[in-house]
Amino acid sequence: MNQARLITLATLLLPGFALSGACSSEPPDDSKQSITDSNGDETPAGNGDETPAGNGDETPAGNGDETPAGNGDETPASTSPDWQAFTCHASKSPMFQSRDVLNMRISADFTKLNSAPTKEESGSQAVIELSDEGGAAPITANIIARGVSRFHCGVRPFSLKFEEKQKDNIFAHLGKSVKFVTHCGDREGLSPTLKADSIETYEQRLLMEDTVYQVLDQLQVPSLKTRLVRLTYHDAPTGKEETHLAFVREPEDEMAERCGMVEWEDLSGVDTSQLQVDQVGLLLLNLLNDFVIQYDGIEGKNLVAMVDPDREAIFYAPYDFDLVGVSRPDYVANEGRTLEQNRDAFADWLRRNQSPTLFDQIDRMLARADQMQRAVDQANMNEENHEVFSRWLSLYLGLLRDFRACEGHTDDPSRPLCHVEDDHGNLPDSASVVDPGEWSARIEPPGDVDMFAVDLQANTLYSFGGRVPLDLLDAQQNVVASASERTVSFKPSQTGTYYLRASLGEQLVSSPLLPSPEEIERYVSLYTDDHGASLETATTLEAGKAVEGKWELARGEDEDWFLVSAGASTSFHIVLRDTDSGLIEVSRRDAPADELPLEEFLREGDNDLSSLFEQPGEYVVRVIQLLGLRVNGSYTVTLQ
């Protein structure tokens, strides 16, 4: 399979990557540090589980080593609407029965935890005490550092790992491992993204991150719950103590369970090859990420993957909100955009993706607007950050209210918030008349169809394809061929006008908030071809005879198929000209269905590919154009 197609499929299903690194050691500060919150209470410093893009501080989708908070209020979501894909119930854990800041003291070897060169070397025994629960027995666990970029913090995030599931304390119904997000703190060489100018700033970052979780927690959708903790770190070897804010995050598998699903890594006995990404869940994921201005949550990063085995469906929950545009416009991916600029980008995303499902989800969000505002009002942020979050919520909820009135007005140019200009007609009578070749099509909003009318000659070889599902119709509107993942070739039996129909159906048309041009302008082609891209139209190669081929496309991926009868010592060469790259795939015609084709990249000049024909037999050879620095190349194939 073409490598570009593999990457696209992987991104759709289970994308995300995490990088790790070593860190320098730094002894803990000798002084006990705390700051006063906006209510005058002594509120220890903290923030930061900072995770730059591409690092994904904690692990990506399906792994979930860092996954943000929350579900909804403590009542399950209504299950009446047909579009609702899941019901997320309240957490059973006493940890999330209150939103009061929890006072906790942990005694452990924090010197080792914050200075060990690897996570594996950072562990020690921990004793946890809860001052809010008088007379409660101390709880023992192992403590170990975690995180990727935040592993470089002066105060690392950590996990508490219990020998068995807890039953009669604050950690009940949270499994055997619970993650804590800490305030980061200074360390020599800390990246500019993570570094703050004061302990107070570290704390405010933590509080802003938690506030995003709490806002989403009101929506009763798949999202991890959190609980703020006023945590006293007692370093057992030195006896030193510091008190700072942190928060506890709900384990990913517990969130998946209360939402009626199974976390990806806990799947057992499920044939994952049959699983499909749920389109309602995908739209909701993008809506939530865009709502909180999560540019670090695109391209598969910062996702928790879950599966509903009964429906054979994959769902995602967003997490890791430390670098969202609300609180960190200075983060590189946010490019310093203002709330107003981000709102305008969000408006464009909404317009491009408007559909009954999107309007239903917006209804759900607007119904919880008061609860979301209350989550912001009750947050322990300082006055300046309260103002930022309140203005964000006001701007974005206002946009959602205005956009909600767009339903049914996509075609009204007098309503710019709603109108999506159609570049090509939807029906044969309004189809764009074209000659064989290449075009671009903007397929939006969901349900949009772009139609092209093209005159074709009988018994002439044509191929068509692109980055959108295509149907070819004859003059009577009968489908004569279809293309999706690969180029398709055919020979019309009659000369006349044919119609090429491009449509994505009702699926999300563009996921990123700020998509690249190729994600909006989709390439489409129908062209005269020299060699076909199917068994029926493939060219049979004869030994000792050179065959010329060319790639006709400037923006697409032309495929030329050949049938080869290989002997015990087959010699097979392709001389590539006027282009810098290509791909060949070779598969045996009698191979089992699960046998993958052999493939090799082509370079300009002579390519000896004889080793791809491992044994005598009949083969299908696909010579595939790749988009490189030069296109429209040509080649010569020789078989000996």
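The rules behind each value
Residues numbered from 1 in each chain as written. Predicted model: local features only at pLDDT ≥ 70, side-chain atom pairs only at ≥ 80, totals over all residues. Heavy atoms only, no water. Pairing = 2+ DSSP bridges. Helix = DSSP H or I, 4+ residues; strand = E, 2+ residues; numbered from the N terminus. Axes fitted to C-alpha atoms, helices over the stretch in contact; angles between N-to-C directions. Contact = heavy atoms within 4.5 Å. Disulfide = S-S within 2.5 Å. Buried < 20%, exposed > 50% of the residue type's maximum accessible area, 1.4 Å probe, protein only.

**Let's talk about the sheet that holds strand S3 (residues 102–108)**
Next, step 1: One closed barrel holds the seven strands; their spatial order is S3-S4-S5-S6-S7-S9-S8, and the pairing between them is mixed. On average, adjacent strands in this sheet sit at an angle of 40 degrees to one another, irrespective of strand direction.
Next, step 2: Sheet topology places S3 next to strand S4 (residues 124–130); four bridges connect them, and they run antiparallel. Within S4, the residue paired with Arg105 across the bridge is Glu129.
Next, step 3: Each of strand S7 (177–181), strand S8 (226–235) and strand S9 (241–249) touches helix H3 (residues 199–217); the most contacted strand, S9, lies at about 20 degrees to it.

**With respect to the state of the cysteines**
What we call a disulfide is simply a covalent bond connecting the sulfur atoms of a pair of cysteines.
Next, step 1: Within this structure, the stated rule accounts for three disulfides.
Next, step 2: The side chain of Cys88 participates in a disulfide bridge whose partner is Cys259; the two sulfur atoms lie 2.0 Å from each other. Across the disulfide from Cys88 to Cys259, rotation about the S-S bond amounts to roughly 115 degrees, and the bridge is consequently right-handed. Residue Cys88 is found in the loop between strand S2 (42–43) and S3, and its partner Cys259 is found in the loop between helix H4 (252–258) and strand S10 (262–263); the two are separated by 171 residues along the sequence.
Next, step 3: Cys153 shares a disulfide with Cys184; S-S distance 2.1 Å. When the S-S torsion is -90 degrees, as for the bridge of Cys153 with Cys184, the disulfide is left-handed. A residue pair is termed long-range when its members are at least 10 positions apart, and Cys153 in the loop between strand S5 (139–145) and strand S6 (158–161) and Cys184 in the loop between S7 and H3 qualify at 31 residues. The pair formed by Cys153 and Cys184 is uniform in burial state, with each residue classed as buried.
Next, step 4: Across the chain, the disulfide pattern expressed with sequentially numbered bonded cysteines is 1-4, 2-3, 5-6.

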